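Read off the chains here:
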Amino acid sequence: MRSFWTEILNAAASHPFPSVPGDLLSPLDLDYGDELFPNVPAAPGMPCTGEDRSIYRRGARRWRKLYRVNGHIFQAKRFNRRAFCAYCQDRIWGLGRQGFKCIQCKLLVHKKCHKLVQKPCSNEHVDPIEVKDDANGESTLGRAASVRSRAEPEPPLPETPPAPVAAPVRNEDLEPGSQRQYSLEDFELIRVIGRGSYAKVLMVELKRTKRVYAMKVIKKALVTDDEDIDWVQTEKHVFETASNHPFLVGLHSCFQTPSRLFFVIEFVRGGDLMFHMQRQRRLPEEHARFYAAEISLALHFLHERGVIYRDLKLDNVLLDHEGHIKLTDYGMCKEGVRPGDTTSTFCGTPNYIAPEILRGEEYGFSVDWWALGVLTYEMLAGRSPFDISHAADNPDQNTEDYLFQVILEKTIRIPRSLSVKAASVLKGFLNKSPSERLGCGEGGFLDIVSHPFFKSIEWEMLEQKQVVPPFKPRLEGERDLANFPPEFTDEPVHLTPDNDTEIADIDQSEFEGFEYVNPLLMSLEDCV
Ligand code: C58
């Protein structure tokens, strides 16, 4: 029998730390202590012998969920036009994913009505896909199976015609002081700095002010192909929330072209913790404590506002010019979660995925505290708690399945070099049972704040950025590239020209109203 994740996964194991080529090691010296690398690079920043940089920054993914009833395969969907339920005839409206749409026959129903639908699917077997029924009638599918037949015409739906698309406002025509919209022409593209499954991230300069920003670019075709656009909307909402917190990156603006969506993000200059860790191997407890505490405050802030972050990892923890942290990438967030609420999307970055997600259970904020445990372990030990690099040469053990099995079953070994308090906080966060995990019990966040490992942290001072960070990124000038990951050095920074046939398939109405300008950052800009 194949495990449920065999069905939904196909990529090789991803873990951020390097695999060690077998010929460098005899089977007996597999345990090379707590060292990340078996040798020393020729110069700081250079790869070690046998180091494969491409495996460090594998991105987060989502596995989407489908619901099977009467031959229909429903997917939750947000409707931005007026739609009516084929079961009760009432309008489908409201925030969030209000409705379900059959990915085969396109039938629309309320979420609450989907189990009552009597009418069988008229287009069953049009695109044969494998859907596994589970006890709830809910199923999880891999992305490979989630492609929708694009040639199929949309059946006539009882929808009102789309609202006319507003003509772009020319900046010169605006009243002084009113918000202007941005476009690609306003920016100079400087460099590629990151890449994920859904996005490419560039360092850009706003020509008018010469200020530098990070620009997250998403191809619309990927968004509509893969899922509906809920998560784009969520990402924007979270950005708006995040703009009020010192440890979360804020949004400058959003705009679009026919093929792409652009998030312009405040630029954080000191690189990320992955890069930092690659140079430090492991951090003194005092340093790890500082980062873990700042990250805790950022996560707690999101949780209090109903957001599960779901993608905490070294790559997403940025360091500002002083050395304070800022979390980036809200593309995996889940919003609208109240205390005690749960969700079930299978998503994240393999090495950091919590056991409850792997077990297919409903989960809540607990998954973020698990990921903080993995990340804190990485800072303190210099390797993943689920380090399977020794298995790199064994095809059976070099898979995501194997990694997930390790996460689910392996007892976590804490290096003996760590203090009792550090060991205790790691065991607390890395408890495989979410109800017993640190931060997830009755005491909630207070249990973290009062954990002995964090005894020396002055939480209020910390949140005010009044605590001096343990490490100040070396930065020479505004454009210093010294802290940037070297993987992208050769990448062309330009965006490929729009492809007309690709654009023809995009339903532009899905992206109406995406444009946004952060009024606070705008006024700052005008101060220059
Ligand atoms: C950093 N890991 S959102 C590069 N990657 C990213 N950087 C930033 N945001 C994002 N200031 C990413 C990625 C996202 C989703 C897809 C995967 C990559 C960012 C935001 C704000 C800076 C970066 C490493 C890095 C940090 C700083 C400068 C250069 C590189």
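Residues numbered from 1 in each chain as written. Predicted model: local features only at pLDDT ≥ 70, side-chain atom pairs only at ≥ 80, totals over all residues. Heavy atoms only, no water.

Looking at the overall build of the chain
Then step 1. Along the chain, the regular secondary structure elements total 13 helices and 17 strands.
Then step 2. Buried positions account for 51% of the 528 residues belonging to the chain.
Then step 3. If you sum the accessible surface of the chain, you get close to 24,300 Å²; carbon and sulfur atoms cover 53% of it. (Helix = DSSP H or I, 4+ residues; strand = E, 2+ residues; numbered from the N terminus. Buried < 20%, exposed > 50% of the residue type's maximum accessible area, 1.4 Å probe, protein only. Areas by Shrake-Rupley, 256 points an atom, 1.4 Å probe, with all protein chains shown as cover.)

Here's the deal with unusual backbone geometry
For residues besides glycine, phi is generally negative; the peptide bonds are generally trans as well.
Then step 1. A positive phi angle, near 50°, is found at Asn 70, a position not held by glycine.
Then step 2. Of note, Lys 106 is a non-glycine position whose phi angle comes to about 70°, a positive value.
Then step 3. Following the sequence through the fold, Lys 106 ends up in the loop between β6 (99-102) and β7 (108-110).
Then step 4. By relative accessible area, Lys 106 is classed as buried at 3%.

Some remarks on the state of the cysteines
Then step 1. Under the defined criterion, the tally for this structure stands at zero disulfides.
Then step 2. Unpaired in this structure, Cys 85 has its nearest cysteine sulfur neighbour in Cys 88, at a distance of 3.9 Å.
Then step 3. Accessibility expressed as a relative area gives 1% for Cys 85, which makes it buried.
Then step 4. Take Cys 121: it sits in no disulfide, and the sulfur closest to it among the cysteines is that of Cys 105, at 3.9 Å. (Disulfide = S-S within 2.5 Å.)

Brief notes about the side chain of Ser 253
Then step 1. For Ser 253, the location among the structural elements is in strand β12 (residues 251-256).
Then step 2. Within polar-contact distance, the side chain of Ser 253 engages the side chain of His 252 at 2.8 Å.
Then step 3. Residues in contact with Ser 253, not counting those within four places in the same chain, are Tyr 182, Phe 187, Phe 262, Phe 263, Val 264, Tyr 516 and Val 517. (Polar contact = N/O pair within 3.5 Å; in protein donor to acceptor, adjacent residues only side chain to side chain. Contact = heavy atoms within 4.5 Å.)

Quick notes on the sheet that holds strand β10 (residues 199-206)
Then step 1. Taken together, six strands build an open sheet; the order of strands is β9-β10-β11-β13-β12-β17 and the sheet is antiparallel. Edge positions in the sheet fall to β9 (187-195) and β17 (516-517), since each of these pairs with one other strand and no more.
Then step 2. Inspection of the sheet shows β12 paired to β17 by two bridges, in the antiparallel sense. Directly across from Ser 253, in β17, lies its bridge partner Val 517.
Then step 3. On top of the sheet, helix α3 (residues 230-242) reaches β11 (211-219), β12, β13 (260-266) and β17; it is set at about 15° to β13, its chief contact. (Pairing = 2+ DSSP bridges. Axes fitted to C-alpha atoms, helices over the stretch in contact; angles between N-to-C directions.)

Re the packing of helix α7 (residues 366-381) against helix α9 (residues 420-429)
Then step 1. Where α7 meets α9, the axes come as close as 8 Å, and the angle between the chain directions of the two elements is 145°. The crossing of α7 and α9 is left-handed. Together, Trp 369, Trp 370, Leu 372, Gly 373, Thr 376, Tyr 377 and Leu 380 of α7 and Ala 422, Leu 426 and Phe 429 of α9 make up the contact between the two elements.
Then step 2. Residue composition of the contact of α7 with α9, by class: eight nonpolar, two polar and no charged. (Left-handed = near helix turned anticlockwise from the far one by under 90°. Nonpolar A, V, L, I, M, F, W, Y, C, P; charged D, E, K, R; others polar.)

A word on the site of the ligand
Then step 1. Among the 18 residues in the neighbourhood of the ligand, the closest are listed as Val 268, Asp 272, Asp 315, Thr 328 and Asp 329.
Then step 2. Taking Asp 272, its side chain carries an N or O atom lying 2.7 Å from a nitrogen atom of the ligand.
Then step 3. Contacts to the ligand include Asp 315, whose backbone N or O atom sits 2.9 Å from a nitrogen atom.
Then step 4. Relative to its unbound accessible surface of 580 Å², the ligand loses 95% to contact with the protein.
Then step 5. For the shell around the ligand, the leading source of residues is β9, giving three residues.
Then step 6. Here the shell around the ligand is composed, by residue class, of eight nonpolar, four polar and six charged. (Near = heavy atom within 4 Å.)

Concerning the pattern of salt bridges
Then step 1. On inspection of all chains with the given rule, the structure shows 13 salt bridges.
Then step 2. As a salt-bridge pair, Arg 305 and Glu 304 come within 3.7 Å of each other at their nearest N and O atoms.
Then step 3. A residue is classified by how much of its surface remains accessible, and Arg 305, at 41% relative accessible area, is partly exposed.
Then step 4. Assessed through its relative accessible area of 55%, Glu 304 is described here as exposed.
Then step 5. With a closest N to O distance of 4.0 Å, Asp 311 and Lys 313 form a salt bridge. (Salt bridge = Lys/Arg side-chain N within 4 Å of Asp/Glu carboxyl O.)

A short note on the confidence of the model for the chain
Then step 1. Per-chain confidence: the chain averages 78 in pLDDT, with 72% of residues scoring 70 or above.
Then step 2. Confidence drops under a pLDDT of 50 for residues 1-38, and excluding neighbours within four residues, the segment shows 103 contacts in the predicted structure.
Then step 3. Of the regions scoring below 50 in pLDDT, residues 50-56 engages in 25 contacts with residues more than four places distant in sequence or in other chains. (pLDDT = per-residue confidence, 0-100.)

Details of the pairing of β11
Then step 1. In terms of burial, β11 is largely enclosed, as seven of its nine residues are buried.
Then step 2. Sheet topology note: the β10/β11 ladder contains eight bridges and is antiparallel. Of the residues in β11, the one forming a bridge with Leu 206 is Arg 211.
Then step 3. Counted along the chain from β10 to the antiparallel partner β11, the turn is four residues long, and its residue Lys 210 has a positive phi close to 65°.

With respect to the packing of aromatic side chains
Then step 1. Using the criterion set out here, one finds 18 aromatic pairs in the structure.
Then step 2. Between the aromatic rings of Tyr 309 and Tyr 330, the centroid separation amounts to 6.5 Å while the plane-to-plane angle is 65°, which identifies the pairing as edge-to-face. Highlighted residues: Tyr 309 in the loop between α5 (285-304) and β14 (317-319) and Tyr 330 in the loop between β15 (325-327) and β16 (346-348), separated in sequence by 21 residues.
Then step 3. Relative to Phe 404, the ring of Phe 346 lies with its centre 6.1 Å away and its plane at 70°, an arrangement referred to as edge-to-face. With Phe 346 in strand β16 and Phe 404 in helix α8 (residues 400-409), the pair connects residues that are 58 residues apart, well separated along the chain. Like Phe 404, Phe 346 is buried. (Phe/Tyr/Trp six-rings, centres within 6.5 Å; stacked < 30°, edge-to-face > 60°.)

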